[in-house]
Amino acid sequence: MDMCMRAIRIRNVFNHHLRISNRNFCCSCKRPKGLVLGAYQPQEKGGQLILTPAARKFDEALSGQLHQLLKFAGRGLKPGKSRVLYGLGKNYSAVAVANLGKQDVGFCPLEQLEEGRENIRAALGGACIQLRECGETAVEVDPCGDAEAAAEGAVLSLFSYDELKSKDKQKPAVELSCYTDFVTDKTAVERRWKRGLILADAQNVARHLMESPANRLTPTIFCQQVMARLQPASTVVKRDRQWAESEKMGAFLAVAQGSEEAPCFLEIDFQGGPPSQAPIALVGKGITFDTGGISLKPSADMDKMRADMGGAACVVGAILAASRLKLPLNIKGFIALCENMPSGKAVKPGDVVTARNGKTIQVDNTDAEGRLILADALCYAESFKPRLIVDMATLTGAIDVALGAGAAGAYTNCDATWDLLLKASVYSGDRVWRMPLFKLYKSQVTESQLADINNIGKHSRSGGSCTAAAFLSEFVTSKHWLHLDIAGVMMNKDEVPFLKRGMSGRPTRTVVEFLHRLSTQSA
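Treat the numbers as computed from the prediction; the structure is a model and nothing was measured.

Caption draft 1: Just the overall build of the chain, in detail. In terms of regular secondary structure, the chain is built from 16 helices and 23 strands. A globule of 523 residues ought to have a C-alpha radius of gyration of about 24 Å, and the chain, at 25 Å, matches this closely. Out of the 523 residues belonging to the chain, those deemed buried represent 59%. A separation of at least 24 residues holds for 75% of the contacts in the chain among residues at least 6 apart in sequence.

So, in structure tokens, the structure goes:
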């Protein structure tokens, strides 16, 4: 055994990750300080991990000590997993080496992913969690050739909604920074790192809103939180029931009438472009709790319906990121907020309501309420003559059946919009999949016994997400419209390793990347 190996006592802890005895602390603040380094899968079976440039330089500064340790510690380390080492140098109390998978991995057509970027997010995110479990409160992260993806994985993995728990049950905060000791162009790397922080934080804002219990995030409280987060970079205006009545939003108000909580309509205005530039309209479904109304949902998992405002949360996160990134776009957000509750005042199956554009809607299922509030929100958004309308909603269980957590369902009447969105999702790693807007589906909602349109398809179990999109298309005249059904990606179980269990905030980063790419095109 080499001298450096004999000098250090090694024992297995934390699920077989290595821990070495000596602990060092940040000289300035006397707190533990950890480091995450990347390494690639060996090219040959049984070979040694291939260090990233930063890890290699770190190893050279320690006269090859890391390289020698990994001859033993790196054995059997699977892609996406990490080993935690103690006693490497005087500047760090712990060093986590994360296996990034195969080197030089790029776009995979079958997966529709930039796999190298996704590997970085997953591996570094897992390593950051390991260091937090080891007690580290400050962590530097190897950019691994893509500082943006590194920041996303680190920030997203460390999110936890535990503020309502006692302090001893809360996860400790971790201060993150980019490891740039051996980087030649620090400015460029730090710029990319900052962008990744902004994108991940925007998604975490959406996750926080989605996780919040419905009694602590009523429509009114939602508005207050959004005002606190977005102003003064964006103008936020809260509209009340009387305003909605004056706008003849009969579909929105029909859903809201069953609840004691007052409905709100939130209008957000971010001016990043010249005044003459037509805005991008982002429309979000804001059902802060969904019981299903008179068409009551089963009690099992009904608590998850606190996140039925996921579309609204993603709109908020996307506008927050756009303002921080200073995107040269004018963006207007439109969020209809209410609860869907059963009561003596609630809308009933068979009732007919009138939307803002004058179309009458037969409400045969009160649990298909999201499309009702979106109908009025889309009509109102169109009055601003936007360049593009994007709506986001946890709309149907049918999209979960069709795509699961693999991708959000995307419907659009514009091929160019789809092409741009697809490229954005490949880059972000948060995938979307195009779904059809066939006339077949429209015919299934426009045949109604009592009104112009029915809020469910006549074959209610068939193509439910498609008929919901067809319903929404009846309230859009724009030739540039994109609908995202995000119900299937609302929650994360273990599908995206760096998000852990809970509400996902997807696809906030994809929407932000889409807006960024849109901003590079002429209006």
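Caption draft 2: Geometry of the pattern of salt bridges. One pass over the full model with this rule turns up 32 salt bridges. The salt bridge partner of Glu267 is Arg239, with a shortest N-O separation of 3.1 Å. In this pair, Glu267 is assigned in strand 12 (residues 264-271) and Arg239 in strand 11 (residues 235-239), connecting sequence segments 28 residues apart. In this structure Arg239 comes out as partly exposed when scored by relative accessible area, which is 23%. Note that Asp290 and Lys297 form a salt bridge whose closest N and O atoms lie 3.6 Å from each other.

Caption draft 3: Layout of the pairing of strand 17 (residues 388-393). With respect to burial, strand 17 is a largely interior element, six of its six residues being buried. What you see with strand 17 is no split at all: Leu388, Val390 and Met392 on one side and Ile389, Asp391 and Ala393 on the other are buried throughout. Pairing between strand 13 (residues 280-290) and strand 17: five bridges, direction parallel. When the bridges of strand 17 are listed, Ile280 appears paired with Leu388. As judged from the five bridges shared by strand 17 and strand 21 (residues 481-485), these two strands associate in the parallel manner.

Caption draft 4: Main features of the side chain of Lys285. Looking at where Lys285 falls in the secondary structure, it is placed in strand 13. Side-chain polar atoms of Lys285 contact the backbone oxygen of Thr394, separated by 2.8 Å.

Caption draft 5: Looking closely at the environment of Val426. Looking at the secondary structure, you find Val426 in helix 13 (residues 415-428). Along the chain, Val426 and Leu85 lie 341 residues apart, while their C-alpha atoms are 34 Å from each other. When residues no more than four places from it in sequence are discounted, the contact partners of Val426 are Phe107, Gln112, Leu113 and Glu114.

Caption draft 6: Main features of the state of the cysteines. Applying the stated criterion to the full structure yields zero disulfides. The closest cysteine sulfur to the non-disulfide-bonded Cys314 is located on Cys223, 17 Å from its own sulfur. Its relative accessible area of 0% is what places Cys314 among the buried residues. Free of any disulfide, Cys414 has its nearest neighbouring cysteine sulfur in Cys466, separated by 19 Å.

Caption draft 7: Region of interest: the sheet that holds strand 20 (residues 453-454). Pairing is mixed in the open sheet, where three strands are placed in the order 15-16-20. Edge positions in the open sheet fall to strand 15 (351-354) and strand 20, since each of these has one partner strand only. Pairing of strand 16 (residues 360-363) with strand 20, which is carried by two bridges, proceeds in the parallel orientation. Considered in strand 20, the bridge of Ile361 is made with Ile453.

Caption draft 8: Looking closely at the pairing of strand 3 (residues 33-40). When you tally the buried positions in strand 3, you get eight out of eight residues, the bulk of the element. Across six bridges, strand 3 lies against strand 6 (residues 94-99) in parallel orientation. Counted as the bridge partner of Leu37 is Val97 from strand 6. Relative to strand 4 (residues 50-51), strand 3 runs antiparallel, the two being bridged by two bridges. Residue Tyr40 lies in a different strand from strand 4, and its bridge partner there is Ile50.

Caption draft 9: Geometry of the sheet that holds strand 19 (residues 432-434). Pairing is mixed across the open sheet formed by eight strands, whose spatial order is 11-12-14-13-17-21-18-19. Looking at the sheet topology across the chains shown, the edges are occupied by strand 11 and strand 19. The sheet shows a mean angle of 20° between the axes of neighbouring strands, direction not considered. For strand 12 and strand 14 (residues 330-340), the ladder comprises eight bridges, and the chain directions are antiparallel. Looking across to strand 14, one finds that Ile268 is bridged to Gly333. Along the sheet, helix 7 (residues 219-230) makes contact with strand 11, strand 12, strand 13 and strand 14, crossing strand 12 at roughly 10°. Helix 10 (residues 310-324) contacts strand 12, strand 13, strand 14 and strand 17 of the sheet and is inclined by roughly 140° relative to strand 13.

Caption draft 10: Region of the structure containing the nonpolar core. The biggest cluster of nonpolar side chains holds 61 residues, and the ones touching the most others in it are Phe222, Leu266, Leu282, Ile335, Leu484 and Phe514. Here Leu282 is in contact with Val315, Ala318, Ile319, Ile331, Lys332, Gly333, Phe334, Val390, Met392 and Leu515, once residues within four sequence places are set aside. Membership of the second largest hydrophobic core comes to 48 residues, among which are Ala254, Ile287, Phe334 and Ala355.

Caption draft 11: Looking closely at the packing of helix 5 (residues 147-157) against helix 6 (residues 186-211). Running from N to C, helix 5 and helix 6 cross one another at 35°; their axes reach a closest spacing of 7 Å. Seen from above, helix 5 lies across helix 6 with right-handed handedness. Contact residues: helix 5 offers Ala147, Glu148, Ala150, Ala151, Glu152, Val155 and Leu156, while helix 6 offers Val189, Arg192, Trp193, Arg195, Gly196, Leu197, Leu199, Ala200, Asp201, Gln203, Asn204 and Arg207. Tallied by class, residues from the contact of helix 5 with helix 6 come to 10 nonpolar, three polar and six charged.

Caption draft 12: Seen up close, the environment of Gly310. Along the chain, the position of Gly310 falls in helix 10. Residue classification places Gly310 among the buried positions, given a relative accessible area of 0%. For Gly310 and Leu209, which are 101 residues apart along the polypeptide, the C-alpha to C-alpha distance reads 8.0 Å.

Parameters at a glance
- Residues numbered from 1 in each chain as written.
- Predicted model: local features only at pLDDT ≥ 70, side-chain atom pairs only at ≥ 80, totals over all residues.
- Heavy atoms only, no water.
- Helix = DSSP H or I, 4+ residues; strand = E, 2+ residues; numbered from the N terminus.
- Rg over C-alpha atoms; globule rule 2.2 N^0.38 Å.
- Buried < 20%, exposed > 50% of the residue type's maximum accessible area, 1.4 Å probe, protein only.
- Contact = heavy atoms within 4.5 Å.
- Salt bridge = Lys/Arg side-chain N within 4 Å of Asp/Glu carboxyl O.
- Pairing = 2+ DSSP bridges.
- Polar contact = N/O pair within 3.5 Å; in protein donor to acceptor, adjacent residues only side chain to side chain.
- Disulfide = S-S within 2.5 Å.
- Axes fitted to C-alpha atoms, helices over the stretch in contact; angles between N-to-C directions.
- Core = buried A, V, L, I, M, F, W, Y, C linked by side-chain atoms within 4.5 Å.
- Left-handed = near helix turned anticlockwise from the far one by under 90°.
- Nonpolar A, V, L, I, M, F, W, Y, C, P; charged D, E, K, R; others polar.

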